[in-house]
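Below, each chain spelled out in residue letters.
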Amino acid sequence: MTSILVTGGAGFVGSHLCDRLIERGDEVLCLDNFFTGRKVNVEHLIGHPRFELIRHDIVHPVFLEVDQIYNMACPASPEAYQFNPIKTIKTSTVGMVNILGLAKRCRARVLQASTSEVYGDPTVHPQTEDYWGHVNPIGPRSCYDEGKRVAESLCINYHLAHAVEIRIVRIFNTYGPRMDPGDGRVISNFIMQALRGEPLTIYGDGSQTRSFCFVDDLVEGLIRLMNQDEETGPVNIGNPIENSMIQLAESVLAETGSKSTLTHVELPADDPKQRCPDISKAKQFLDWSPQVDLKTGLAKTVEYYRNFIAQSDK
Ligand code: NAD
Ligand code: UDP
């Protein structure tokens, strides 16, 4: 049996990953400081003989015995990672050193959840893994972007200096059930606003684009990357179908049947104008491509938020 540590395991992506690993028959140690994660995301796993929930912050050293580590710990929504920017940087740097130190001692393989944000506001489109990025090092997103860039550098240097086995995934915008309804990300905002009959808040003119990957597709990509021996990464995992925020708002209105209007508010500083992954590497090395289209994924996500609202109104 493989013993697997999932840091950030009570978060949105981490909790889906824990589910899949348990289904596969692995032993899962889910570690979280519950900053943006929620116990309810893994509540159904508590009591499972192969599942353990640990409250811990990766900024402090971790002593466990494991075979693989998925390092998902780090707040992902701009509102959350900007709440305490210094803590965000510490999580991706000091926390990464602790995780790599653990991996070195246990001879475990580490998969680092990096991000499309390492490309910043990209000047190359779509983004390939060999593009070095266009990040403002002192901007409001830098605590996240630069932290993740240092984390990648730490991974590659632990690999070169200490032969730690690493896998780096650059995750593009991902959505699905269990995304925190209040986390300020666009899909959670739009769906919650639509379901409550409130105006959908378009930041700027809404022409900026993102490509949205359903969480089940992402988790499949993470597991494939971890369990192959050819490629350390970085590998982009995302859905290459690009949508403007106006198009996304229209899709959410269609899916919810909501009569909400659209309202324009100020565009946040350094908001990337375009983002779309080149997934040739994921196709070549992982035989991976997304299977869930936006309409299907939105339907599942809307259902989750409808239930969430029904529960909170009780
Ligand atoms: P999330 O905020 O739902 O999950 C992050 C989890 O990490 C939370 O459970 C949080 O409590 C935990 N955490 C944060 N700091 C920690 C610390 N110091 N010690 C222990 N636990 C800590 O976000 P998510 O969307 O599930 O993202 C998971 C990972 O994937 C993150 O590393 C994020 O940067 C990366 N990622 C996500 C997306 C996306 O669109 N969801 C895109 C790119 C990258
Ligand atoms: N956005 C928006 N309305 C919202 C929240 C976000 O128009 O209520 C925009 C935001 O400006 C960005 C895009 O949606 O251009 C994606 O934002 P999100 O925070 O989900 O992810 P990220 O900017 O990190 O890609």
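Everything below is about the structure shown above.
To keep things clear, this report deals only with the structure shown in the data block. (Residues numbered from 1 in each chain as written. Chains lettered and ligands numbered in written order. Predicted model: local features only at pLDDT ≥ 70, side-chain atom pairs only at ≥ 80, totals over all residues. Heavy atoms only, no water.)

The next subject is the overall build of the protein chain. In terms of helices and strands, the protein chain carries nine helices and 13 strands. Computed over its C-alpha atoms, the radius of gyration of the protein chain comes to 19 Å, within 12% of the 20 Å expected for a compact globule of 314 residues. Summarising its shape, the C-alpha atoms of the protein chain cover approximately 55 × 45 × 40 Å along the three principal directions. For the protein chain, with 314 residues in total, the buried portion stands at 56%. (Helix = DSSP H or I, 4+ residues; strand = E, 2+ residues; numbered from the N terminus. Rg over C-alpha atoms; globule rule 2.2 N^0.38 Å. Buried < 20%, exposed > 50% of the residue type's maximum accessible area, 1.4 Å probe, protein only.)

Right, let's get into the site of ligand 2. Close contacts around ligand 2 come from 18 residues, with V186, T201, R210, D271 and R275 the closest. Side-chain polar atom of E117 to an oxygen atom of ligand 2: 3.5 Å apart, as the coordinates give it. The side chain of R210 places a nitrogen or oxygen atom 2.7 Å from an oxygen atom of ligand 2. In isolation ligand 2 has 520 Å² of accessible area, and contact with the protein removes 95% of it. (Near = heavy atom within 4 Å. Polar contact = N/O pair within 3.5 Å; in protein donor to acceptor, adjacent residues only side chain to side chain. Areas by Shrake-Rupley, 256 points an atom, 1.4 Å probe, with all protein chains shown as cover.)

As a structural note, the neighbourhood of ligand 1 is formed by 29 residues, with V13, D32, T36, Y144 and K148 the closest of them. At 3.1 Å, a backbone N or O of G11 approaches an oxygen atom of ligand 1. With respect to ligand 1, the side chain of R185 contributes an N or O atom lying 2.8 Å from a nitrogen atom. For ligand 1, the accessible surface in isolation is 820 Å², of which the surrounding protein chains cover 96%. Of all the secondary-structure elements, those providing two or more residues to the shell around ligand 1 are α1 (12-24), β5 (109-115) and α4 (142-162). At three residues, the largest contribution of residues to the shell around ligand 1 is made by β5. A class-by-class count of the residues in the shell around ligand 1 yields 14 nonpolar, 11 polar and four charged. (Nonpolar A, V, L, I, M, F, W, Y, C, P; charged D, E, K, R; others polar.)

With that settled, the discussion passes to helix α6 (residues 215-226). Between the first and last C-alpha of α6 there are 17 Å, a value that for 12 residues agrees with the 16 Å anticipated at 1.5 Å per step. For α6, every residue scored as buried is listed here: V215, D217, L218, V219, G221, L222, I223, L225 and M226. (Expected span 1.5 Å × (residues − 1).)

Burial of helix α5 (residues 186-195) is extensive: eight of the 10 residues sit out of reach of the surface. For α5, the complete set of buried residues consists of I187, S188, N189, F190, I191, M192, Q193 and A194. Buried positions along α5 lie against β7 (174-175), β8 (200-203), α7 (245-256) and α9 (294-313). Remark: G197 follows α5 within two positions and exhibits a positive phi of approximately 70°. (Contact = heavy atoms within 4.5 Å.)

Another aspect to go through is the sheet that holds strand β1 (residues 3-7). Strand order in the open sheet formed by seven strands is β3-β2-β1-β4-β5-β6-β11, and the pairing between neighbours is parallel. Each having just a single partner strand, β3 (51-55) and β11 (235-237) make up the two edges of the open sheet. Geometrically, the sheet is characterised by an average inter-axis angle of 20° between neighbouring strands, direction not taken into account. The pairing of β1 with strand β4 (residues 68-71) spans four bridges and is parallel. Looking at the pairing, I4 lines up with Q68 of β4. (Pairing = 2+ DSSP bridges. Axes fitted to C-alpha atoms, helices over the stretch in contact; angles between N-to-C directions.)

Next up on the list: unusual backbone geometry. A cis amide bond, omega -10°, links H125 with the succeeding residue P126. Mapped onto the elements of the fold, P126 is located in the loop between β5 and α4. With an omega dihedral of 5°, the bond running from G233 to P234 counts as a cis peptide bond. Here P234 lies in the loop between α6 and β11. For A163, which is not glycine, the phi dihedral falls at a positive 60°. Of note, A163 is situated in the loop between α4 and β6 (166-171). Of note in the backbone geometry, D287 takes a positive phi value of approximately 55° without being a glycine.

It is at 10 Å that the axes of α5 and α7 come closest, and there the two elements cross at 40°. When the axis of α5 is compared with that of α7, the two are oblique. Our pair here, α5 against α7, has a crossing hand that is right-handed. The residues of α7 that touch α5, namely those facing V186, I187, F190, I191, A194 and L195, are M245, L248, A249, V252, L253 and T256. (Parallel < 35°, antiparallel > 145°, perpendicular 65-115°, else oblique. Left-handed = near helix turned anticlockwise from the far one by under 90°.)

Here a ring pair, both rings aromatic, is described through the centre-centre distance and the interplanar angle of the planes. Considering all chains together, one arrives at seven aromatic pairs under this definition. Considering the side-chain rings of Y175 and F212, the 6.5 Å spacing of their centres and the 85° angle between planes classify their relative orientation as edge-to-face. In this pair, Y175 is assigned in strand β7 and F212 in the loop between β9 (209-211) and β10 (213-214), connecting sequence segments 37 residues apart. Considered together, Y175 and F212 belong to a single accessibility category, that of buried residues. The rings of Y119, Y131 and F172 are connected pair by pair, giving a single aromatic cluster. Stacked on the ring of F34, the Lys or Arg K39 has its end atom at 5.6 Å from the ring centre. (Phe/Tyr/Trp six-rings, centres within 6.5 Å; stacked < 30°, edge-to-face > 60°. Lys NZ or Arg CZ within 6 Å of the ring centre and 35° of its normal.)

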